[in-house]
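Notes for the structure review
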Amino acid sequence: MADDLERPGGDAEPEAPPHAAPPSIWPFAFALGIAVALIGLIISWPIAAIGGAIALVFGFLWIRDATREVRGTPSPAPPARDDEAVELEDETAARYPRSVFLEGATLGIGALIGGIVTVPALGFAVLPAFVDQAYDAVDLGPLDNFPEGEWRITKFKSVADEPEDVSRRTAYVRNNGTLDGQASFTIISNRCVHLGCPVQPQGLTAEEVTEIDAESGPVEITATEPSGFVCPCHGGAYDIEGNRTAGPPVRALDRYAYSIMDGRLVLGEPYSVGSVEGEGAEAQITAYKIADPGVHVDGLEQYFYPYVP
Ligand code: FES
């Protein structure tokens, strides 16, 4: 039998050293999860959550594999080897902890640097979306100050606890009369939806200013006759319902919700507007949660902005 024959030289041929562990796919799957999570932060939270879950699962598997030797995880009993193989294995075992240490140290330092770079950036990018901006109800005074069919410029303090120079706001108010027995007002914010400059009414504005001491603070009311609104910063222009007609703004002007309480006009929260069809009390408004200037609220472009919870 050929296997029983002694080889020339009398010694058996040494066995090949044990194979190194095959390369793991966990790091690639972990990186894929991080990439999906980052894309999800831009597109939608469900995708971010799926990416986060992928990164967590494969990150765990990666760490578990990388630290298997350090943790002394029992492995199946090795088959019987001859003396030379055992000697070779001992040598490998003696060296392995060092390589594991280096691998762990590299991973740890990489994770630390990655964390230092990405956590603050993510915090600044994502955190503001979770911080609710306060909007107090603002009493704009008796309805008599807003004759039907006319526009008024109103200047008021929007947040009771904030200093006046910080929370001073302007809105353009038109009394539309009534619709189905309900009072109707158009209340347009003066914040340009390009970069936030104050838009101005295009037309004559009275010099006389009416000042009233409302419960939520002083309010200034001035008559105006706009044919639209213009922005002095980059030439943005809007029609009388706030629809963009020219320049770089990306949507219609924001509006305010309102209510009538004890014969007074009370301003509610602002909201963003995609577009307005029709005019006055009959206007059909495509409304969205308030968005920052420059942010598209509808169409395909809306998916290129971080989700606002
Ligand atoms: S800020 Fe109004 S057009 Fe740029």
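Residues numbered from 1 in each chain as written. Predicted model: local features only at pLDDT ≥ 70, side-chain atom pairs only at ≥ 80, totals over all residues. Heavy atoms only, no water.

Time to look at the overall build of the chain. Scanning the chain for helices and strands turns up five helices and 11 strands. Here the contacts in the chain between residues at least 6 apart in sequence split such that 54% fall between residues at least 24 apart. As displayed, the chain has an accessible area near 19,700 Å², and 60% of this comes from carbon and sulfur atoms. (Helix = DSSP H or I, 4+ residues; strand = E, 2+ residues; numbered from the N terminus. Contact = heavy atoms within 4.5 Å. Areas by Shrake-Rupley, 256 points an atom, 1.4 Å probe, with all protein chains shown as cover.)

Its identity as a non-glycine residue notwithstanding, Asp 180 has a phi of 55°, on the positive side. Here Asp 180 shows up in the loop between strand E3 (168-179) and strand E4 (182-189). Residue class for Asp 180 comes out exposed when judged on its relative accessible area of 75%. Positive phi outside glycine occurs at Asp 262, with the angle close to 55°. Structurally, Asp 262 is set in the loop between strand E9 (252-261) and strand E10 (264-277). (Buried < 20%, exposed > 50% of the residue type's maximum accessible area, 1.4 Å probe, protein only.)

Looking now at the state of the cysteines. As enumerated under the stated definition, the model contains one disulfide in all. The disulfide that involves Cys 197 links it to Cys 233, with 1.9 Å between the sulfurs. Measuring handedness by torsion sign, the sulfur bridge of Cys 197 and Cys 233 sits at about -95° and is left-handed. Of the two residues, Cys 197 sits in the loop between E4 and strand E5 (200-214) while Cys 233 sits in the loop between strand E6 (217-230) and strand E7 (237-238), which places them 36 residues apart along the sequence. For Cys 233, a relative accessible area of 38% puts it in the partly exposed group. (Disulfide = S-S within 2.5 Å.)

Right, let's talk about the side chain of Lys 157 for a bit. Tracing the chain through its elements places Lys 157 in strand E2 (residues 151-157). Leaving out residues up to four positions away in the same chain, Lys 157 has contacts with Val 138, Glu 162, Pro 163, Glu 164, Ser 167, Arg 168, Ser 216 and Pro 218.

The next subject is the packing of aromatic side chains. Aromatic rings considered in pairs are described by the distance between their centres and by the relative angle of their planes. The final tally for this structure, using the stated rule, is seven aromatic pairs. Measuring from ring centre to ring centre gives 5.8 Å for Trp 151 and Phe 229, while their planes differ by 80°; the resulting arrangement is edge-to-face. Residue Trp 151 is found in strand E2, and its partner Phe 229 is found in strand E6; the two are separated by 78 residues along the sequence. Assigned by exposure class, Trp 151 and Phe 229 land together as buried. Measuring from ring centre to ring centre gives 6.1 Å for Phe 156 and Tyr 256, while their planes differ by 80°; the resulting arrangement is edge-to-face. (Phe/Tyr/Trp six-rings, centres within 6.5 Å; stacked < 30°, edge-to-face > 60°.)

With that settled, the discussion passes to the environment of Arg 264. For Arg 264, the position within the fold is in strand E10. The spatial distance from the C-alpha of Arg 264 to the C-alpha of Pro 142 is 4.2 Å, given a sequence separation of 122 residues. Those residues within four positions of Arg 264 in sequence are excluded, and the remaining contacts are Asp 139, Gly 141, Pro 142, Leu 143, Ala 214 and Ser 259.

Bringing the environment of Gly 196 into the picture now. Positionally, Gly 196 belongs in the loop between E4 and E5. You can call Gly 196 partly exposed: its relative accessible area is 31%. Note: C-alpha distance between Gly 196 and Asp 292 (96 residues apart in sequence) is 8.3 Å. Ignoring any residue separated from it by four or fewer positions in sequence, one finds Gly 196 in contact with Arg 191 and Pro 293.

Next up on the list: the confidence of the model for the chain. Of all residues in the chain, 77% attain a pLDDT of 70 or more, and the chain-wide mean is 82. Summarising per-element confidence for the chain, the mean pLDDT is lowest in helix H4 (residues 83-130) (71) and highest in E7 (97). Confidence drops under pLDDT 50 across residues 1-10; counting only partners more than four residues distant or on other chains, this segment forms one contact. (pLDDT = per-residue confidence, 0-100.)

Nonpolar side chains in soluble globular proteins tend to end up buried together. Counting 15 residues, the largest nonpolar core has Leu 140, Phe 156 and Ile 187 as the members making the most contacts within it. Mapped by element, the contributors of at least two residues to this core are strand E1 (138-142), E3, E4, E5, E6 and E10. Not counting the four nearest positions on each side in its chain, Phe 156 is found in contact with Val 138, Leu 140, Ser 167, Arg 168, Arg 169, Thr 170, Ala 171, Pro 218, Val 219, Tyr 256 and Leu 267. (Core = buried A, V, L, I, M, F, W, Y, C linked by side-chain atoms within 4.5 Å.)

Attention now goes to the environment of Ile 212. Mapped onto the elements, Ile 212 comes out in strand E5. On the basis of relative accessibility, which here comes to 16%, the residue Ile 212 falls in the buried class. Once the C-alpha coordinates of Ile 212 and Gly 141 are considered, the two residues, 71 residues apart in sequence, prove to be 7.0 Å apart. When neighbours within four sequence positions are excluded, Ile 212 is seen to be in contact with Leu 140, Gly 141, Pro 142, Asn 145, Gly 217, Pro 218, Val 219 and Ile 221.

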